[in-house]
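Chain and residue survey
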Amino acid sequence: MRRFVLMCATFVLGASAWAQNAPPNDAASVKSANIFQIAPDADSDPKYKAQTNAERGKVQPGNNAPMWTQVGQGVTGYTSLPKSQAPEAGNLIQPFVQYPGSRLTNAGEAWRQVRNNWLIPYGGSLLLIALGALALFYWRKGTIELHGAETGRKIERFTPFERSAHWANAIAFTALAVSGIVMAFGKFFIQPVIGNALFGWLTYALKNIHNFAGPLFAVSLVIVIVTFVRDNLPRAEDITWLLKGGGLLSGTEVPSHRFNAGEKVLFWIGVFALGLIVVASGLVLDKLIPGLVYERSTMQISHMVHAAATCLMMAMFMGHIYMGTIGMRGAYSAMRDGYVDETWAKEHHELWYQDIQAGKISAQRTPAAAPAAKTATTA
Ligand code: HEM
């Protein structure tokens, strides 16, 4: 007990000595505000809404509403960080903007509205409609078969280089399409089945696959464009082909050169235009374009462009993949082995076949030996 009293006495003496050494309580020094000093009638002032944060603090200490209103309106504050390193350090909430299809609101919310109200429902519907249309076409028409008998004489349709470029591009495209579809639409048809945890891991893995397949797609796309551009240049005969829909419905194919007008439309719109838009916006999203300032708005705009262009591209390529597999007999093996039968060439690309017969185009373009069967020119 004596010891406790001694300790208390020492503490009191020590505290009073500290109080004597403390600086004088100067009236001009900073005073802290009492945030419990609530003034209920402060908002009856007609200028209440227009008060700055400092003015508001005087009548309602601790009320920072004017500052947060400004933050919510996208006002950028001061930051000492260089813009090149931290382009948006002074801005918590982006300013108001109206993206196509959104209300006039903060950019983050505007982007969310475009994504959730337009890109996801309409992009998803487009893909389902394209799939349904192809299923319907296959159900009514089936595989387009050869009418005549095969001759056994082969024409080299695609060189090994053309096939390698095509398949590198097609494999990257498939990886991108599958991962992109799961990331965008998976929560509607996969998440309810496999649950949140597995879906989280799946999308995490697919996101990484998507980011790595993107640059491979970009490089192989450029090679595909350069490789196939010459035979996709428009020609007069393409107009007839388009006017008659290629004869797909009538069953009498309209003569075409190496690629018909349908393939050319796919090339210029699907491969060239949409492909380059998808690649450019994807490289921005991957932050791979040097010198570009990556702000939130940069990412929002490139995401919207990327998602819209990829949905259109995927819908077009569904048609291409259909025709290149179950839609037409002999098309897939042409891209797999490089060769088509003379009858195939005559029935599907008659003008190209005539040029080969006339010796204007070589039936064997690669110097290496053709497969077992004889080629058309050597027949
Ligand atoms: C993923 C599955 C794919 C399959 C099964 C497929 C199949 C085929 C087939 C069989 C051909 C030969 C058609 C003919 O002989 O006229 C072909 C041609 C072609 N493919 Fe693909 N393809 C696929 C993806 C792609 C992709 C992703 C691209 C480019 C983005 C592409 C671009 C081309 C081009 C440029 C041609 C030459 C004909 C033309 O210019 O339209 N393909 N494809």
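Residues numbered from 1 in each chain as written. Predicted model: local features only at pLDDT ≥ 70, side-chain atom pairs only at ≥ 80, totals over all residues. Heavy atoms only, no water.

**Some remarks on the coordination of the iron atom of the ligand**
Around the iron atom of the ligand, the protein supplies His166 (NE2) and His320 (NE2) as donor atoms, at distances of 2.0 Å. Its 6 donor atoms give the iron atom of the ligand angles of 85 to 180 degrees at the centre, a pattern that matches the octahedral case. Taken as a pair, His166 in helix α5 (residues 160-189) and His320 in helix α10 (residues 296-327) lie far apart in primary sequence, 154 residues in all. Classification of His166 by relative accessible area gives buried; the value is 17%. Accessibility expressed as a relative area gives 33% for His320, which makes it partly exposed. (Donors = N, O, S within 2.8 Å, 3.2 Å for Na, K, Ca; no water. Tetrahedral: all angles 85-135°; square planar, octahedral: opposite > 155°, others 65-115°. Helix = DSSP H or I, 4+ residues; strand = E, 2+ residues; numbered from the N terminus. Buried < 20%, exposed > 50% of the residue type's maximum accessible area, 1.4 Å probe, protein only.)

**Points about the site of the ligand**
The environment of the ligand is formed by 25 residues, the closest being Arg157, His166, Asn232, Glu263 and His320. Here an oxygen atom of the ligand and a side-chain polar atom of Glu263 are 2.3 Å apart. Measuring from a nitrogen atom of the ligand, one finds a side-chain N or O atom of His320 at 2.7 Å. Counting residues per element, the ones that place at least two in the shell around the ligand are α5, α7 (196-228), α9 (261-285), α10 and α11 (331-337). In terms of residue count, the dominant contributor to the shell around the ligand is α5 (6 residues). Classifying every residue of the shell around the ligand by side-chain character gives 16 nonpolar, 7 polar and 2 charged. (Near = heavy atom within 4 Å. Polar contact = N/O pair within 3.5 Å; in protein donor to acceptor, adjacent residues only side chain to side chain. Nonpolar A, V, L, I, M, F, W, Y, C, P; charged D, E, K, R; others polar.)

**Re the side chain of Asn260**
Among the secondary structure elements, Asn260 is positioned in the loop between α8 (237-243) and α9. The buried category is assigned to Asn260, whose relative accessible area is 12%. Among the polar contacts listed, one links the side chain of Asn260 to the backbone nitrogen of Gly262, at a separation of 3.0 Å. Among the polar contacts made by the side chain of Asn260, one reaches the main-chain amide nitrogen of Glu263 at a distance of 2.9 Å.

**Some points on the packing of aromatic side chains**
Describing an aromatic ring pair means giving the distance of the ring centres and the angle of the ring planes. Here the structure, examined in full by the defined rule, presents 12 aromatic pairs. Arranged with centres 6.2 Å apart and planes meeting at 85 degrees, the rings of Tyr138 and Tyr322 form a pair that is edge-to-face. In this pair, Tyr138 is assigned in helix α4 (residues 107-141) and Tyr322 in helix α10, connecting sequence segments 184 residues apart. The exposure class assigned to Tyr138 is partly exposed, which follows from its relative accessible area of 36%. Note on Phe173 and Phe217: the rings are 6.1 Å apart at their centroids and 40 degrees apart in plane angle, and the pair reads as tilted. Of this pair, Phe173 sits in helix α5 while Phe217 is found in helix α7, placing the two residues 44 residues apart along the sequence. (Phe/Tyr/Trp six-rings, centres within 6.5 Å; stacked < 30°, edge-to-face > 60°.)

**Observations regarding the pattern of salt bridges**
Taken as a whole and assessed by the stated rule, the structure comprises 12 salt bridges. Each member of the salt-bridge network shares a partner with another, and the members are Glu162, Asp231, Arg258 and Arg365. (Salt bridge = Lys/Arg side-chain N within 4 Å of Asp/Glu carboxyl O.)

**Considering the environment of Arg157**
Within the fold, Arg157 resides in the loop between β3 (154-156) and α5. A relative accessible area of 2% places Arg157 in the buried class. Considered as a pair, Arg157 and Tyr339 are 182 residues apart in the sequence and their alpha carbons are 5.3 Å apart.

**Examining the nonpolar core**
Formed by 48 residues in total, the largest nonpolar core has its most connected members in Ile155, Phe173, Phe217, Phe228, Val271, Met313 and Val340. Looking at this core, the elements with two or more residues in it are α4, α5, α7, α9, α10, α11, α12 (342-348) and α13 (350-357). Counting 7 residues, the second largest nonpolar core, distinct from the first, contains Tyr99, Ala107, Ala110 and Val114. (Core = buried A, V, L, I, M, F, W, Y, C linked by side-chain atoms within 4.5 Å.)

**Notes on the packing of α4 against α10**
Each pair of packed helices can be summarised by the angle the axes make with each other and by the distance between the axes. Axis separation between α4 and α10 bottoms out at 9 Å; the angle between their running directions is 5 degrees. Judged on the interaxial angle alone, α10 and α4 are roughly parallel. Its residues assigned to classes, the contact of α4 with α10 comprises 22 nonpolar, 5 polar and 1 charged. (Axes fitted to C-alpha atoms, helices over the stretch in contact; angles between N-to-C directions. Parallel < 35°, antiparallel > 145°, perpendicular 65-115°, else oblique.)

**A closer look at the confidence of the model for the protein chain**
In the predicted model, the protein chain carries a mean pLDDT of 89, and 89% of its residues have values of at least 70. Between residues 1-24, whose pLDDT stays under 50, and residues either more than four places distant or in other chains, the model counts 0 contacts. (pLDDT = per-residue confidence, 0-100. Contact = heavy atoms within 4.5 Å.)

**What to know about the packing of α5 against α7**
Axis separation between α5 and α7 bottoms out at 7 Å; the angle between their running directions is 145 degrees. With respect to the hand of their crossing, α5 and α7 are arranged in left-handed fashion. Taken together, the residues that form the contact of α5 with α7 break down as 20 nonpolar, 10 polar and 3 charged. (Left-handed = near helix turned anticlockwise from the far one by under 90°.)

**Topic: α4**
Compared with the 51 Å implied by 1.5 Å per residue over 35 residues, the 48 Å span of α4 between its first and last C-alpha is a close match. A maximum bend of about 35 degrees is found in α4 at Arg115. Burial in α4 covers these residues: Ala107, Ala110, Gln113, Val114, Leu119, Ile120, Gly123, Gly124, Leu127, Ala130, Leu134 and Phe137. The inward-facing, buried residues of α4 contact β1 (96-97), β2 (105-106), α5 and α10. (Expected span 1.5 Å × (residues − 1). Bend = angle between axes of the 7 residues up to and from the residue.)

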